[in-house]
Amino acid sequence: MRYRSVGRLGWDVSEIGYGMWGIGGGPGGFTGWDYDTAPDCLDLAVDLGCTFFDTAWVYGRGVSERMLGDLLRRHPDRRLYVATKVPPLNREWPPRPGDTLDDVFPPGHVREYVHRSLENLGTDRIDLLQFHVWEDRWSDDERWQRVISDLKAEGVIEGFGISVNRWEPENCLRAIDTGLVDVVQVIYNIFDQAPEDELFERALLDDIGIIARVPFDEGGLTGKLSHDTVFPEDDWRAVYFGPENLGPTVERAERLKKVLPQGMTLPELSLRFILHHPAVSTVIPGMRRPEHVRANLAVSDGRRLERALLDELRGHRWDRRPTEWSM
């Protein structure tokens, strides 16, 4: 396993971390997680060198955080970094156009969920606290600035970050201007290359850590979807991969398969593409089975994609706008 620095926080974390949405449930919800298998997957990840774990209160309404707390207690000799998120008060992902800070992150709500997360984790400090949604129009509101500054001063959190809404990578630049944002979590993958336009340059300039999430486009970049794929009704991917998105995703994935180097899978290519960028601190694939853990973490071997292949992958960029089904 190779390690990278998380911006000015100075942490050296595994360049492939663990995204815990899929094993704890989440907004909208995945199906197919297994609470019995999840601890073994987490332990295996630690054994293979993973040190960064990203969760949120809403992933199972505390279940994922408690799993992570149990993991910390099973490995007291390992320095494992914990990132979690405060849910929006109104439970809207993403925020609605008219939502104010009072609707989403009033200071009392932020403090309440920080302490809920601390209780679930069984710790007295959170390494990285993130807001689970964001609108840059809230940036100048001193109330969120004050509560984050106070939580840092109290030693309750070390770093603060923003999880940027889907396909809105620039919707955080004003927040970065405040000097309080240490990390930005953003969707970045072969299809979603827009963070390279402005955000990554700014992150490198200001020494901001970048967490790359959704490396496989919710499964579209695994190469396993087909035009006949159907998800259970209670799985949010049934909405995401509806008629507007499933067909185009499958077609684009099929085109990508034609440029795969011999012996390389599409998920491996996807992770290597993300790791090529120096702004990325860590990428957090979801891993619900031991074979996923082994395959994903094995990509952290220092091998980089050839320049010609990277240039080819630029042509697979897919710029999309947030819509009612994209969440």
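The rules behind the values
Residues numbered from 1 in each chain as written. Predicted model: local features only at pLDDT ≥ 70, side-chain atom pairs only at ≥ 80, totals over all residues. Heavy atoms only, no water. Helix = DSSP H or I, 4+ residues; strand = E, 2+ residues; numbered from the N terminus. Contact = heavy atoms within 4.5 Å. Areas by Shrake-Rupley, 256 points an atom, 1.4 Å probe, with all protein chains shown as cover. Salt bridge = Lys/Arg side-chain N within 4 Å of Asp/Glu carboxyl O. Buried < 20%, exposed > 50% of the residue type's maximum accessible area, 1.4 Å probe, protein only. Pairing = 2+ DSSP bridges. Right-handed = clockwise from strand over helix to strand, strands pointing away. Phe/Tyr/Trp six-rings, centres within 6.5 Å; stacked < 30°, edge-to-face > 60°. Lys NZ or Arg CZ within 6 Å of the ring centre and 35° of its normal. Core = buried A, V, L, I, M, F, W, Y, C linked by side-chain atoms within 4.5 Å. Polar contact = N/O pair within 3.5 Å; in protein donor to acceptor, adjacent residues only side chain to side chain. Axes fitted to C-alpha atoms, helices over the stretch in contact; angles between N-to-C directions.

Asker: Help me out: how do you make sense of the overall build of the protein in this one?
Answerer: Looking only at helices and strands, the protein features 13 helices and 10 strands. For the C-alpha atoms alone, the extent of the protein along its principal axes is close to 55 × 45 × 40 Å. Summarising the internal contacts of the protein: among those between residues at least 6 apart in sequence, 77% fall at separations of at least 24. Looking at the protein as shown, the accessible area adds up to about 13400 Å², and 47% of this sits on carbon and sulfur atoms.

Asker: Help me understand the pattern of salt bridges, please; the structure alone is not making it clear to me.
Answerer: A side chain of one charge can pair with a side chain of the opposite charge when the charged atoms of the two come close. Going through the model one piece at a time under the given rule, you end up with 32 salt bridges. A salt bridge links arginine 79 to aspartate 127, with the shortest nitrogen-to-oxygen separation between them at 3.1 Å. Taken as a pair, arginine 79 in the loop between helix H3 (63-74) and strand S5 (81-86) and aspartate 127 in strand S6 (residues 126-131) lie far apart in primary sequence, 48 residues in all. Aspartate 127 serves as the salt-bridge partner of arginine 125, at 3.7 Å between the closest nitrogen and oxygen. Judged by relative accessible area, aspartate 127 falls into the buried class, the value being 6%. Put simply, Arg79, Arg125, Asp127 and Glu158 are held in one network by salt bridges that share partners.

Asker: Please clarify how the pairing of S5 should be interpreted in this entry.
Answerer: Looking down a regular strand, the side chains alternate between one sheet face and the other. Among the 6 residues that make up S5, 6 are buried, leaving the element largely enclosed by the rest of the structure. Pairing analysis gives 3 bridges linking strand S4 (residues 52-54) to S5, with the strands arranged parallel. Bridge pairing links phenylalanine 52 to tyrosine 81 in S5. Handedness of the crossover is the feature at issue here: the chain leaves S4, passes through H3, returns alongside S5, and the resulting connection is right-handed. As paired elements, S5 and S6 share 4 bridges and run parallel to each other.

Asker: Whenever I open this one, the packing of aromatic side chains confuses me. Can you help?
Answerer: To describe a pair of aromatic rings, one takes the distance between the centres and the angle between the planes. The tally for this structure, following the rule as stated, stands at 19 aromatic pairs. Ring plane angle 90° and centroid distance 6.4 Å describe the contact between phenylalanine 105 and tryptophan 138, whose orientation is recorded as edge-to-face. Here phenylalanine 105, found in the loop between helix H4 (101-104) and helix H5 (107-121), pairs with tryptophan 138, found in the loop between S6 and helix H6 (142-153); they are 33 residues apart in sequence, far enough to count as distant. Judged by centre distance (6.1 Å) and plane angle (25°), the ring pair of phenylalanine 131 and tryptophan 134 falls under stacked. By the burial criterion, phenylalanine 131 is buried, and tryptophan 134 matches it. A connected cluster of aromatic rings, assembled from ring pairs, spans Phe105, Phe131, Trp134, Trp138, Trp144 and Phe160. The residue whose ring lies beneath arginine 79 is tyrosine 81, and the NZ or CZ to ring-centre distance is 3.9 Å. Lying across the ring of tryptophan 167, arginine 166 places its NZ or CZ 5.8 Å from the centre.

Asker: How should I be thinking about the nonpolar core in this particular structure?
Answerer: Generally speaking, a soluble globular protein has its nonpolar side chains buried in company with each other. Counting residues in each nonpolar core, the largest one holds 97 residues, and the members touching the most others are Tyr18, Phe53 and Val184. With 11 residues, the next largest nonpolar core counts Val13, Phe52, Ala83 and Ile211 among its residues.

Asker: Help me understand the side chain of serine 326, please; the structure alone is not making it clear to me.
Answerer: Secondary-structure assignment places serine 326 in the segment after helix H13 (307-314). In this structure the side chain of serine 326 is engaged in a polar contact, spanning 2.9 Å, whose partner is the backbone nitrogen of threonine 323. Among residues more than four places away in sequence, those in contact with serine 326 are Arg166, Trp167, Trp236 and Tyr240.

Asker: What exactly am I supposed to notice about the sheet that holds S4 here?
Answerer: The strands making up a sheet associate through hydrogen bonds between their backbones, and the pairing can be parallel or antiparallel. Within the open sheet, the 8 strands sit side by side as S3-S4-S5-S6-S7-S8-S9-S10. Their pairing is parallel. Each end of this open sheet is capped by a strand with a single partner; those strands are strand S3 (18-19) and strand S10 (282-283). Where H6 meets the sheet, its contacts fall on S6 and strand S7 (157-163), and the angle it forms with S7 comes to roughly 145°.

Asker: Any chance you could explain the pairing of S7 here in plain terms?
Answerer: Burial of S7 is extensive: 6 of the 7 residues sit out of reach of the surface. Considered for its hand, the β-α-β crossover made up of S6, H6 and S7 is right-handed. As judged from the 3 bridges shared by S7 and strand S8 (residues 183-187), these two strands associate in the parallel manner. Paired with glycine 161 across the strands is valine 183, a residue of S8.

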